[in-house]
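# Residue-level structure breakdown
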There are 2 protein chains.
Amino acid sequence: MSLSPDSFAPIIGFGTRVRKSPFFDATRRYGAKAFTVYNHMYMPLWYEDPTADYWKLVNDVTLWDVSAQRQVEITGPDAAKFVQYLTPRRLTECAVGQCKYVLLTDENGGLINDPVLLKLGENHFWLSLADSDVLLWTKAIAAHTEMDVHITEPDVSPLQLQGPHAFDVMVTLVGDWPGNLGYFWFQEHDLDGIPLVISRTGWSGQRGFEIYLRDGSMGDLLWERIMEAGRAFGIAPAAPSQIERIEAGMLSYATDMTLENNPFEINLGKLCDLDMQADFMGKEALKRIKQEGVQQRLVGLEVGGGPMIEFNADHWRIMDGEEPVGVVTSSVYSPRLDKNLALGYVSVGCSDAGTELGMEAPWGLAPCTVSPLPFLKPNRKS
Amino acid sequence: MSLSPDSFAPIIGFGTRVRKSPFFDATRRYGAKAFTVYNHMYMPLWYEDPTADYWKLVNDVTLWDVSAQRQVEITGPDAAKFVQYLTPRRLTECAVGQCKYVLLTDENGGLINDPVLLKLGENHFWLSLADSDVLLWTKAIAAHTEMDVHITEPDVSPLQLQGPHAFDVMVTLVGDWPGNLGYFWFQEHDLDGIPLVISRTGWSGQRGFEIYLRDGSMGDLLWERIMEAGRAFGIAPAAPSQIERIEAGMLSYATDMTLENNPFEINLGKLCDLDMQADFMGKEALKRIKQEGVQQRLVGLEVGGGPMIEFNADHWRIMDGEEPVGVVTSSVYSPRLDKNLALGYVSVGCSDAGTELGMEAPWGLAPCTVSPLPFLKPNRKS
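Residues numbered from 1 in each chain as written. Chains lettered and ligands numbered in written order. Predicted model: local features only at pLDDT ≥ 70, side-chain atom pairs only at ≥ 80, totals over all residues. Heavy atoms only, no water.

## A short note on helix α3 (residues 50–59) of chain B
Residues spaced three or four apart along an α-helix face the same direction, because each turn holds 3.6 residues. All names here are of chain B. Residues of α3 that are buried include every one of P50, A52, D53, Y54, L57 and V58, and no others. If you follow the buried residues of α3, they end up packed against β3 (41–46), β4 (61–65), β12 (157–162), β16 (235–238) and α8 (242–247). Backbone nitrogen of T51 and a side-chain oxygen of the N-cap are separated by 2.8 Å at the start of α3; the cap is D49. (Buried < 20%, exposed > 50% of the residue type's maximum accessible area, 1.4 Å probe, protein only. Helix = DSSP H or I, 4+ residues; strand = E, 2+ residues; numbered from the N terminus. Contact = heavy atoms within 4.5 Å. Polar contact = N/O pair within 3.5 Å; in protein donor to acceptor, adjacent residues only side chain to side chain.)

## Quick word on the domain arrangement of chain A
Note on interface size: it is often stated as the accessible area lost on association of the parts. Residues and elements named next belong to chain A. Domain assignment breaks chain A into domain 1 (5–66 + 156–241), domain 2 (71–152) and domain 3 (247–371). In this assembly, domain 1 packs against domain 3 so that about 670 Å² is buried in total across both faces, 68% of it on carbon and sulfur atoms. Looking at the side of domain 1 facing domain 3, the largest losses of area belong to Y54, W55 and W203, adding up to 57% of the total buried there. Taken together, domain 1 and domain 3 are joined by zero salt bridges. Of the residues that constitute the side of domain 1 that touches domain 3, the class distribution is five nonpolar, five polar and no charged. (Domains from an automatic or database assignment. Buried area = accessible area lost by both parts, 1.4 Å probe. Salt bridge = Lys/Arg side-chain N within 4 Å of Asp/Glu carboxyl O. Nonpolar A, V, L, I, M, F, W, Y, C, P; charged D, E, K, R; others polar.)

## Looking at the environment of L159 of chain B
All names here are of chain B. Mapping L159 onto the fold places it in strand β12. Among the residues examined, L159 registers a relative accessible area of 0% and is labelled buried. Note: C-alpha distance between L159 and L274 (115 residues apart in sequence) is 34 Å. Discounting chain neighbours no more than four positions away, the residues touching L159 are F23, L63, W64, D65, V66, F209, E210, I211, L222, W223 and I226.

## Things to note about the environment of A238 of chain B
All names here are of chain B. Relative to the elements of secondary structure, A238 occurs in strand β16. By relative accessible area, A238 is classed as buried at 2%. Sequence separation between A238 and T27 is 211 residues; the distance between their C-alpha atoms is 9.1 Å. In contact with A238, not counting residues within four places along its chain, are Y47, D53, T62, L63, W64 and D65.

## Structural notes on the sheet that holds strand β18 (residues 317–320) of chain A
Strands sit in the order β17-β20-β19-β18-β21-β22 (chain A) around a closed barrel of six strands; the barrel is antiparallel. Strand after strand, the sheet turns through a mean of 40° between neighbouring axes, direction not considered. (Pairing = 2+ DSSP bridges. Axes fitted to C-alpha atoms, helices over the stretch in contact; angles between N-to-C directions.)

## A few points about the sheet that holds strand β11 (residues 150–152) of chain B
Residue and element names in this part refer to chain B. Strand order across the open sheet formed by five strands is β6-β9-β10-β5-β11, with antiparallel pairing between neighbours. Two strands close off the open sheet at either side, each with one partner strand: β6 (99–101) and β11. Each strand of the sheet is rotated relative to its neighbour by a mean of 20°, with strand direction disregarded. As defined by bridge partners, β6 adjoins strand β9 (residues 116–121) across three bridges and the pair is classed as antiparallel. Residue pairing for β9: Y101 is matched across the bridge by V116. Lying on the sheet, helix α5 (residues 134–143) is in contact with β5 (71–75), β10 (124–128) and β11; it crosses β11 at an angle near 165°.

## Considering the packing of aromatic side chains
Per the stated rule, a full pass over the model turns up 24 aromatic pairs over all chains. Between Y183 of chain A and F184 of chain A, the ring centres sit 5.0 Å apart and the planes meet at 65°, which makes this aromatic pair edge-to-face. Residue Y183 of chain A is classed as partly exposed on the basis of its relative accessible area, which comes to 36%. Classification of F184 of chain A by relative accessible area gives buried; the value is 19%. Ring centres of F167 of chain B and F209 of chain B lie 4.8 Å apart, and the angle between their planes is 65°; this geometry places the pair in the edge-to-face category. A residue pair is termed long-range when its members are at least 10 positions apart, and F167 of chain B in helix α6 (residues 166–174) and F209 of chain B in strand β15 (residues 208–213) qualify at 42 residues. Each member of the aromatic cluster is reached from another via a ring pair, and the members are F14, F24, F35 and Y42 of chain A. (Phe/Tyr/Trp six-rings, centres within 6.5 Å; stacked < 30°, edge-to-face > 60°.)

Structure representation (structure tokens):
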């Protein structure tokens, strides 16, 4: 979002077309100042301001309403086979209780979504979604294949607890066991009657957990229980931080990748097991793309000039001299690095680290240099 | 959206995840004060305020940016067969140049979307969409059936020109021919190099047109051309009016109907030709639903008490004495009728016109009476 006062002005209209999270009232009560719509649901963007919220995330601990990460639940005798059919990532090694970051691809290898998969049982899965109607995508596939599956959007609403003190808060809330929870593993938990799934995951480079509420009527109760547990550790309400996630080189679906991109363009070919025996959407297309190679690649860019006061709300062009060679998808000023950072696509010929390019910002052409990702090494160790 | 000052506060964040309409800059320039997100695109909600914009719509003429009504384009040898497969409405009589309001249903008869279909050629169609990812729905079906179709989201962005003076503005803009355009027919038009499709359709009870821009780079040019043509007729920028569309009994997908509802619950069984030979999604389920009958039905409600100062941002319960019998999906104060109006679902036993019920509003229980729809007869004659 833009940080310029001009763009601050327009308000968001609240109505019944867009869904409210079980934590919506709490986020209003705690002073959420900006919202967006994500998976047809209102989602807070920041409270104090994006930079102040960022400092709380990297220094203390923050609680985010990310209920808009809706779940698609897949059950039935063929659920495991069906889920494998949705993604090029091999899932044979995924254990019950484990999470996997997966790419969903269409018949051309285009990116449909990049959810976190939770395996709750041998034939019981959740896809914790980015912003696209995977419910419609999967229902249409299920209705036209022989696989015997049942697909729903269950009453499951995630929160994220992220920051250096996330473990302290979680142990205060539920006891010691989260200390033994491996990265990308989860456990079911009953918090005095509040049914939860708690995973050691999150959309930040910090330590953290996702807390999946399985009863939407208990949203306010859960929110306040976590705030109470976090008080001693300086917990603050916040939201996914554009600043911190770009520092950590984490991609945002629909922002940094769309249906027009494929896994190789975003440097995630390693999540595509094209030799596996199982069939999956886009298998042949991805083999062809891998063989032919891609024309553009997502890269990190360090951008010169003074601190950027706006996030880019448009796809600024990236120039190699006079020649347009790509576009910026995300950009931000990093207070910790005291540098302007960007993510974007450039033609492969310009994608090597160290390549000097230019970014067409509204305030003029800014010099930029292709940089390895992440810009800042995540620190998720407990 | 709520009209209470409290809910006015939160702003909408602008970024690159949500798309911008080709008219986005124009709508900001013309003072759009509130936005929502619809089909992953920013859409203005009002300019002066919802009531002032409404009076411009019903008295004069208004221009709306509804680019968020994205198009799904279906071409290829089996396009006609494929489109028929998506909807229970018989399309054999749909001529090239004609529009049809269609319901898209899933395998259970649930509502996927309720687009306007435009038939541009024997095997060339647009679905002008409400708010759900029909692109993913249709692509998944196409990838798993034998039908030979090509599905894309083309560079097509609609405006709506609605109000008593819509014909005057259109004739000033393009000449006399729109006067001979039948309701729900369209024609292609080149406006001094701006490629358009102009249909006599729109989401209001007023006279009007939809103007489909086929080159996103010309958004600002087209917007200003229409504003210039409308100046003499008091044109104003506006947006889909919740007040006027409820008066006209027009439904909003995701607001008044969802995947959980079927065509019979919204009283549109007449758009389901269950005897047609062609197969379509949900055919067997809809036959079963029609035979068994529905448990709830969408109705109009006249609500007592003083003028409502807010639209409902929640699904207020509808009570029959102590018994909850349904929920409100939309509600508004109608300045022309000087009545509070609502749309909602009630159990069939309570759905007859004249039935006296109660609406649980935040300010207390308001008496309401089931009323025939529309509340106000549309006036779309030229």
